[in-house]
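Residue-level structural notes
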Amino acid sequence: MARTDETGEIARHGSPFGTTPPDPPPAGGDAGANGRMPRWLPRALVLALALVGVFQLGSWAFHQLTGLLVNILIAFFLALAIEPAVSWMASRGLRRGLATALVFFAVIIVSAGFVTLLGSMLAGQIIKIVEDFPNYLDSVINWINAHFHTELRRVDVQEGLLKSDWLRNYVQNSATGVLDVSAQVLGGLFQLLTITLFSFYFAADGPRLRRALCSVLPPARQAEVLRAWEIAVIKTGGYLYSRGLMALISGIAHYILLEFLDVPYAPVLAVWVGLVSQFIPTIGTYLAGALPMLIAFTVDPWYALWVLIFVVVYQQFENYVLQPKLTAKTVDIHPAVAFGSVIAGTALLGAVGALIAIPAVATLQAFLGAYVKRYDVTDDPRVHGHRGRGQGLFARARELWIRPPDQPGKKPPEGTGGSGRSGDGAD
């Protein structure tokens, strides 16, 4: 038996190498000091839960405020657009608040006059269409009877329309949707008022806003912010200039067509097409072309078809020829970049993104261009798209055609390396 001491513990025998064997592990029921939970673990769990809660709250607040943020973004770009006019008037001695108010007042007067004139014209044309609708219907029925040998009558067509389920459902849906339309109109007016107020504040308090932003930045950063602001003003003004120029060209082209077809209110319709097609993205072209088609239909149904064809053809010309060139000239970006930025802006913010994508990308490109170091390009033909002599497919075919074929059984001279030419000291 092993020897024990007075406490009854087994005596520890020395190791033959002079070391003491390790103590046996504690019993399973007794937790040592190292078996307790670390003190930092509860705090880490609480911190992780707090971060998750803050992230969820921020995400919810961002989604709730998305509409307001989009309105502020539109207002900021509108303030950049009118900044040159406001600064010019302020440099002549007027206060910025009064200068901004005058610019907004002029824009509101022009817009209100145009909408009033267009609304009165549209109301008169709708009344005329309703009054002349029976005559149009008779002409269409006579044409169908003459070409398809039918016996249609206007009374039968009217009774069929009045008794149709489609008309009844349409009237019911229109009646139930009046409140929805009213709510959308009120929401649109409130959104317009919000954008107008923010635009006014951004334009009137532009210097104060820039000073407040620069006051929290070091001097080097202040210069960069002010330069970026100036670039944004220039690019936004250039973009609006290009849009205005395209609206002028579009208005002149459509005025010539409408005047040639003797469509009434041709000048107003031309202005309508030019403005709506350029300043309402995506659906602006179709919305702009619908009104001239409607007015042309009151003159002759075939005129409406001619207007539709002209609108479609001109739109293709504008998309692929006119717009890329003018946009690249005024905002100094490549047409492919302009087209891609519009697609990206539409995917991110819809119509608003399509409207502000080009000036935003132009501003970013011009600002980052100062930080990109450029080098002189080597004078290589491949830079200009030219290939060296003998590198093209036709050059290689020509070389093989001109070179004489090797005679069979005849070895090349020594020292030529198989090239077929005599070297120095051969024989």
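Right, let's walk through the structure included here.

Re the overall build of the chain
Within the chain, the regular secondary structure consists of 14 helices and zero strands. Here the chain holds 427 residues, and 25% of them are scored as buried. When contacts within the chain are restricted to residue pairs at least 6 apart in sequence, long-range pairs at least 24 apart make up 60% of them. Accessible surface, the chain: about 31,100 Å² in total, of which carbon and sulfur atoms supply 67%.

Structural notes on empty space enclosed by the protein
Counting across every chain of the model gives two cavities of 30 Å³ or more. Taken together, Ser250, His254, Val273, Ser277, Gln278, Thr285, Ala288, Gly289, Val311, Tyr314, Gln315 and Glu318 make up the lining of the largest cavity. Those elements giving two or more residues to the lining of the largest cavity turn out to be helix 8 (219–260), helix 9 (266–279), helix 10 (284–299) and helix 11 (301–331). When residues in the lining of the largest cavity are grouped by element, the largest group, four residues, is from helix 11. Its residues assigned to classes, the lining of the largest cavity comprises four nonpolar, seven polar and one charged.

Description of the layout of surface pockets
In this structure, the largest pocket spans a volume of roughly 1,700 Å³. In this structure, the largest pocket is lined by 37 residues; those nearest its centre are Leu78, Val107, Ser111, Leu192 and Phe279. Breaking the lining of the largest pocket down by element, the ones donating at least two residues are helix 2 (66–91), helix 3 (96–148), helix 6 (178–204), helix 8, helix 9 and helix 13 (351–368). The dominant element in the lining of the largest pocket, judged by the number of residues it contributes, is helix 3, at ten residues. Of the residues that constitute the lining of the largest pocket, the class distribution is 32 nonpolar, five polar and no charged.

Some thoughts on the side chain of Glu318
One can find Glu318 in helix 11. Polar side-chain contacts of Glu318 include one of 2.7 Å to the side chain of Gln278. If we skip the residues at most four places from it in the chain, Glu318 touches Met246, Ser250, Gln278, Gln323 and Pro324.

Quick word on the packing of helix 7 (residues 206–214) against helix 8
Running from amino to carboxyl end, helix 7 crosses helix 8 at an angle of 150 degrees, the nearest separation of the two axes being 10 Å. Here the hand of the crossing between helix 7 and helix 8 comes out right-handed. Mapping the contact onto sequence places Leu209, Arg210, Leu213 and Cys214 in helix 7 and Gln222, Val225, Leu226 and Trp229 in helix 8.

Things to note about the pattern of salt bridges
Per the stated rule, a full pass over the model turns up three salt bridges. Put simply, Glu83 and Arg96 hold a salt bridge, and the shortest N to O gap is 3.1 Å. Taken together, the residues Glu83 in helix 2 and Arg96 in helix 3 connect sequence positions 13 residues apart. We note that Glu83, like Arg96, is buried. Arg210 serves as the salt-bridge partner of Glu83, at 4.0 Å between the closest nitrogen and oxygen.

Conventions and cut-offs
Residues numbered from 1 in each chain as written. Predicted model: local features only at pLDDT ≥ 70, side-chain atom pairs only at ≥ 80, totals over all residues. Heavy atoms only, no water. Helix = DSSP H or I, 4+ residues; strand = E, 2+ residues; numbered from the N terminus. Buried < 20%, exposed > 50% of the residue type's maximum accessible area, 1.4 Å probe, protein only. Contact = heavy atoms within 4.5 Å. Areas by Shrake-Rupley, 256 points an atom, 1.4 Å probe, with all protein chains shown as cover. 1 Å grid on protein atoms, 1.4 Å probe; cavity = no way out; pocket = protein on both sides within 12 Å on 5 of 7 lines; lining within 4 Å. Points joined across faces, edges and corners; volume = space filled by probe spheres on them. Nonpolar A, V, L, I, M, F, W, Y, C, P; charged D, E, K, R; others polar. Polar contact = N/O pair within 3.5 Å; in protein donor to acceptor, adjacent residues only side chain to side chain. Axes fitted to C-alpha atoms, helices over the stretch in contact; angles between N-to-C directions. Left-handed = near helix turned anticlockwise from the far one by under 90°. Salt bridge = Lys/Arg side-chain N within 4 Å of Asp/Glu carboxyl O.

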